[in-house]
Each structure stands twice: as structure tokens, then as C-alpha cells.
Amino acid sequence: MSQKLTVTELLQQLSDQNIQKVKVAVTDLDGVLRGKVMSFDKFKSIAAGGFGFCDVVFGWDAGDAAYDNATVTGWHTGYPDATAVVDMQTYRRIPWENDLPFFLADFNDGKGNCSSVCPRSLLKKIDRQASDEGFIAFCSQEFEWFNLLDNSTELYAGKFRDLKPITNGMFGYSVLRASQKSAFFHDLFDLLNKFDIPIEGLHTETGPGVYEAAIMYSGILEAADRAVLFKSGVKEIGFRHGVLPTFMAKFSEDLPGCSGHVHQSLWSPDAKRNLFYDKKSKNGISPLMESYIAGQLHCLPHILPMYAPTVNSYKRLVEGAWAPTTITWAIDNRTTALRALPTGEKSTRLETRVVGSDSNPYLAMAACLASGLYGIRKKMKLHIPPTTGNGYADKKHGVLPASLWEATQAMKQSAVAKELFGEQFVAHFAGTREWEWRQFSKVVTDWELKRYLEII
């Protein structure tokens, strides 16, 4: 990273190193990196002012199928180029691609075109709000994911059946299983660190071939950048080891789901005081943190698709599956939606446990921060008491929507969501989630065939 260098200085440094090409990427609504390799001469010409990138990246789904209900872009607009602006502070080298220089970009042409629906632009907007209100938001995301044997040719031919994990059995925190795939395991840790994604911890999780990683905390925009690049990086490194990682929220009905918990705290403008911590309070939680928690709980059913964006997300959000189903909070309780961790002046934070590993980190973190700020802005009191014991049984304050369709309709009609993120974003994003549900609803599944083919 070269945050201390000016654009001119960084370009000169790359020129002195005889760099011939760079990779640049943006992130779509599903959190998928879309990018290109360009010549260094081309990159120099667009480094300051941006470049044209087809706005179809916000007009199609994860499978490149064009939405039929999008207003921001579509057949009716002709899918023109939008202006993508390179963030020079995201400079990295990709160690598994011969240290190829890499940069992230987002959309901002000064006219609102695409920037209103660009996930990274949205998070930057919410982060600026926090700064304007006197806070620095620190964040980190942790992921669980399954690692499968990479037989993608056979998978496409066989319609994704007979998937085999890289290891067998339920081996959470297993030194044995990590050692058995040590080359892949250590490459993840070492190469991601070299890619400026510092890993705080990496271990096996319960389930065949499951790993969990915690990324080191940072400012919220950098945290989201790291999380997006972590998911892509794990897949790229995995390919080189014959491994196919998946960040599906629920890979198998018989196995645990995969989370993408977001940890967050607000600090003073000089980044010296954790404003969530109050040593004078009974539990170490400040009134500010209480309002932040109250805001998240209030907003949660209004913005759930930003945490749980796929049809599959809701297969994870079921009782007894280590994922929340109720509008609850508690101190150090893994059965509630929000887990407060008042662990001292430096580490007091909130863990939002609703978030799945299939989330778009920019949208998930934007949702966390915006809803927390909403509670602070509205001076909300934390009237919901902390849950004692089983959060699944504590339903008196509400339960989460049970499907993507239900959650999307709640968000689409929500004045709260529109206040937080703007009408254009809510309309467009809700439309993309409705599209996702429609694609799922017309498919005849294996379950239906087994259930009905012979007996009905």
C-alpha cells in the first residue's frame, strides 16, 4: 500500500518499476468483482479523471442475466458507459499474479449516474455522514466458508451434484485438518497478508472442509475493501490448489450455515477514544452504544436484504443453526441478532450476527453503520432488554422475515430504508432482489421431483 504517496508520485514509482499493466475492478450489487487489465499507459491517462465502464454491472445479476425491472440502467438506456473513478489509496500487488498492481474503483461522475446504486459509493456516503457527525467508524468482517474439491468442469456437466469437501467430518478448530491441507491453509494466510488483507485468525470450523477467517479491523471503507478482496482472493488462491471455495450462506441442509459477522465500533475524531466503552456504566456499554444498538434493532426488519441478499441466505436464518431469527441483543450471546462485546476500552464493539458469508460487504457494512447512526441521530433508547439464554425463544420483540421475497417487500415499502439510503437505491436494489426471487421461483428443484414425481 502507498497511502502516503500522491497520485503523481505513485504513477512515477510504477513507471520506474517498468510496470506494463495493472488490474482495476469495481464491485457489483452482489459483491462480485468486475474488472479488467489495462496497459499502464492507459492507466496513467485515467488515474485522475476516471474511465468509462459499462453500467450493465448494475443491470444484470450474478449470472450475467439482464434485469427486466431496473430503472437505473437497462435495454431502455442502451447500457452506456458510466464514469468509474480509481481510488489510488487501494493500491495493492497481487502476489499470486506475479505482483500485478491492483486498484479498486467506484462510480461517481458528479451527476448521480450509477453512484446512487454503486455499493462502494454508498458506503463512502454513509462513512461521510459518520464523520460529519463526529465519529470514526472502525469495522471488520469474519467469514466462514466451505472448501470443495475443484472439479468445476464436472460440476457444470452434472448440474452441481456430488460436491466433495477437501476434508471429511465435523472438525471445528481442528489442528489435524488444517495440517492435512497445510499448503492451501498457509497460502491463504500468507498470500492474503501480502495482498494487504491482514488475517487476525484462521482455523477450521465445524463441518467438512469449512474454514473461518477473521480480518484485522480498520476504518470501515478499508474494512469493506478487504472483505470483498478476501472473498475473491480465497477463490483465486483456492483454484491454484485444486480447491473450490464457496461463500454460500447454506451449502447443505444437513450442515451448519456460513456467517459473515460484522464487528463495529465508533471512535472519537482523533481515533483515540472508543465511544462505545463507558467504564462508569454497569456493563461497560456507553449510552451512545445503546442508541446504536437500538437503531440497528429498529432498522433490521426494514433492511434485511442488505445482510441476507440471496434466496439461500434464509436457509441459514433458521432456529438452532448458529444464526439469528429474532430481533434481539445480548452481551456475549451467540443466539441473538446483535452480540455486544464490552471487553474493555480498546476492544468494546458490536457484532452484527445476521450477516451471512454471501453478503456484499459494502452493503452489509453500510447497513450496519447507517442503522446505528439512525439510532444515535434519533436519540433512541434501548428499550429492548438484553436476552438471557436462548435468543431463538425470545420472540416478543419480533422475528426476522423468513424469505428473500418477504424481506424485500418490507424494504421496498419502508420509509426508514429510503431515509437511510435514498429512494433510488432502495427501488433499484429491491428490484434486483425481486428478480432474484423470480428466477428461483420458476425452477423445478430436486426436492420437488423427489416429493411429487411418482406419488402425486
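> Tell me about the overall build of the chain, and please be specific about residues and values.
For the chain, the count of helices and strands is 14 helices and 14 strands. Taking 456 residues into account, the globule formula puts the C-alpha radius of gyration at 23 Å, and the chain, at 22 Å, falls close to it. For the chain, the proportion of its 456 residues judged to be buried stands at 55%. Of the contacts formed within the chain by residues at least 6 apart in sequence, a portion of 72% connects residues at least 24 apart. Accessible surface, the chain as shown: approximately 20200 Å² in total, 53% of it carbon and sulfur. Each charge sign in the chain was given a centre, from 50 positive and 51 negative side chains, and these centres are 3 Å apart.

> Go over the pattern of salt bridges, please, and point to the residues and values.
Here the structure, examined in full by the defined rule, presents 21 salt bridges. A salt bridge links Asp87 to Arg120; its shortest N-O distance comes to 2.9 Å. Of this pair, Asp87 sits in strand 4 (residues 81-94) while Arg120 sits in helix 3 (residues 119-132), placing them 33 residues apart in sequence. Residue classification places Asp87 among the buried residues on the basis of a relative accessible area of 18%. A salt bridge links Glu222 to Arg226, with the shortest nitrogen-to-oxygen separation between them at 3.0 Å. Placement of the pair is Glu222 and Arg226 together in helix 7 (residues 220-239), with a separation of 4 residues, close to one helical turn. Glu222 gets classed as buried once you look at its relative accessible area, which sits at 18%. Through salt bridges with shared partners, one network takes in Asp87, Asp106, Arg120, Lys124 and Asp225.

> Any details on empty space enclosed by the protein? Residues and values, ideally.
Over the atoms rolls a probe the size of a water molecule, and its path tells where empty space is left. The tally for this structure, following the rule as stated, stands at 1 cavity of 30 Å³ or more. In terms of lining, the largest cavity is formed by Thr167, Gly169, Phe171, Arg177, Thr204, Glu205, Gly207, Pro208, Gly209, Val210 and Tyr211. Among the residues making up the lining of the largest cavity, the classes are represented as 4 nonpolar, 5 polar and 2 charged.

> An account of the layout of surface pockets is needed here, citing residue identities and associated values.
Taken as a whole, the largest pocket holds about 2800 Å³ of empty space. Elements supplying a minimum of two residues to the lining of the largest pocket: strand 2 (33-39), helix 4 (152-157), helix 7, strand 10 (243-246), helix 13 (423-441) and helix 14 (446-452). Examining the composition of the lining of the largest pocket, we find that 5 residues originate from one element, helix 7, more than from any other. Of the residues that constitute the lining of the largest pocket, the class distribution is 22 nonpolar, 10 polar and 17 charged. Of the volumes computed, that of the second largest pocket is approximately 790 Å³. Forming the walls of the second largest pocket are 43 residues, and the residues nearest its centre are Glu142, Glu212, His263, Arg339 and Glu351. Mapped by element, the contributors of at least two residues to the lining of the second largest pocket are strand 6 (136-149), strand 7 (199-204), strand 8 (210-215), strand 11 (262-267), strand 13 (338-341) and strand 14 (349-352). By residue number, the principal contributor to the lining of the second largest pocket is strand 6, which donates 7 residues.

> Any details on helix 3? Residues and values, ideally.
An α-helical turn contains 3.6 residues, so any two residues separated by three or four positions project in the same direction. Helix length check: helix 3 (14 residues) gives 20 Å between terminal C-alpha atoms against 20 Å at 1.5 Å per residue, within 8%. Along helix 3, the positions that sit buried rather than exposed are Pro119, Arg120, Ser121, Leu122, Leu123, Ile126 and Ala130.

> Go over the state of the cysteines, please, and point to the residues and values.
Summed over the entire model, instances satisfying the criterion amount to 0 disulfides. Take Cys368: it sits in no disulfide, and the sulfur closest to it among the cysteines is that of Cys139, at 6.3 Å. Judged by its relative accessible area of 1%, Cys368 falls in the buried class.

> So what's going on with the environment of Asp254? Which residues, and what values?
Structurally, the position occupied by Asp254 is in the loop between strand 10 and strand 11. Exposure remark for Asp254: the relative accessible area of 67% places this residue in the exposed category. Taking the C-alpha atoms as reference points, Asp254 and Asp446, separated by 192 residues in sequence, lie 15 Å from one another.

> Please set out a nonpolar patch on the surface residue by residue, giving values where relevant.
A surface patch of nonpolar side chains, about 530 Å² in accessible area, is lined by Trp447, Tyr452, Ile455 and Ile456. Structurally, the position occupied by Ile456 is in the segment after helix 14.

> So what's going on with the packing of aromatic side chains? Residues and values would help.
Each pair of aromatic rings is reported with the distance of its centres and the angle of its planes. All told, the structure shown has 25 aromatic pairs when counted by the stated rule. Aromatic pair Tyr91 and Phe103: ring centres 5.3 Å apart, planes at 20°, arrangement stacked. On the criterion of sequence distance, the pair formed by Tyr91 in strand 4 and Phe103 in strand 5 (residues 100-107) is long-range, its members being 12 residues apart. Like Tyr91, the residue Phe103 is buried in the burial classification. Taken together, a centroid distance of 5.5 Å and an interplanar angle of 10° make the contact between Phe143 and Phe230 stacked. Placement of Phe143 in strand 6 and of Phe230 in helix 7 is noted, with a sequence separation of 87 residues between them.

> Tell me about the nonpolar core, residues and numbers included.
Ranked by size, the top nonpolar core spans 125 residues in total, and within it Phe43, Phe230 and Phe421 carry the most contacts. The dominant element in this core, judged by the number of residues it contributes, is helix 10 (residues 361-377), at 12 residues. Not counting the four nearest positions on each side in its chain, Phe421 is found in contact with Leu122, Lys125, Ile126, Ile303, Met306, Ala366, Ala367, Ala370 and Val426.

> Residue-level account of unusual backbone geometry, with values.
Residues other than glycine seldom take positive phi values, yet Asp64 does so here, at roughly 65°. Owing to a relative accessible area of 41%, Asp64 belongs among the partly exposed residues under this scheme. At Asp196, a residue that is not glycine, the phi angle is positive and equals roughly 60°. Inspection of the secondary structure puts Asp196 in the loop between helix 6 (182-194) and strand 7.

Cut-offs and rules
Residues numbered from 1 in each chain as written. Predicted model: local features only at pLDDT ≥ 70, side-chain atom pairs only at ≥ 80, totals over all residues. Heavy atoms only, no water. Helix = DSSP H or I, 4+ residues; strand = E, 2+ residues; numbered from the N terminus. Rg over C-alpha atoms; globule rule 2.2 N^0.38 Å. Buried < 20%, exposed > 50% of the residue type's maximum accessible area, 1.4 Å probe, protein only. Contact = heavy atoms within 4.5 Å. Areas by Shrake-Rupley, 256 points an atom, 1.4 Å probe, with all protein chains shown as cover. Lys, Arg positive; Asp, Glu negative; His and termini not counted. Charge placed at Lys NZ, Arg CZ, Asp CG, Glu CD. Salt bridge = Lys/Arg side-chain N within 4 Å of Asp/Glu carboxyl O. 1 Å grid on protein atoms, 1.4 Å probe; cavity = no way out; pocket = protein on both sides within 12 Å on 5 of 7 lines; lining within 4 Å. Points joined across faces, edges and corners; volume = space filled by probe spheres on them. Nonpolar A, V, L, I, M, F, W, Y, C, P; charged D, E, K, R; others polar. Expected span 1.5 Å × (residues − 1). Disulfide = S-S within 2.5 Å. Patch = residues over 30% accessible without salt bridge, like charges linked within 9 Å, V, L, I, M, F, W, Y side chains within 5 Å. Phe/Tyr/Trp six-rings, centres within 6.5 Å; stacked < 30°, edge-to-face > 60°. Core = buried A, V, L, I, M, F, W, Y, C linked by side-chain atoms within 4.5 Å.

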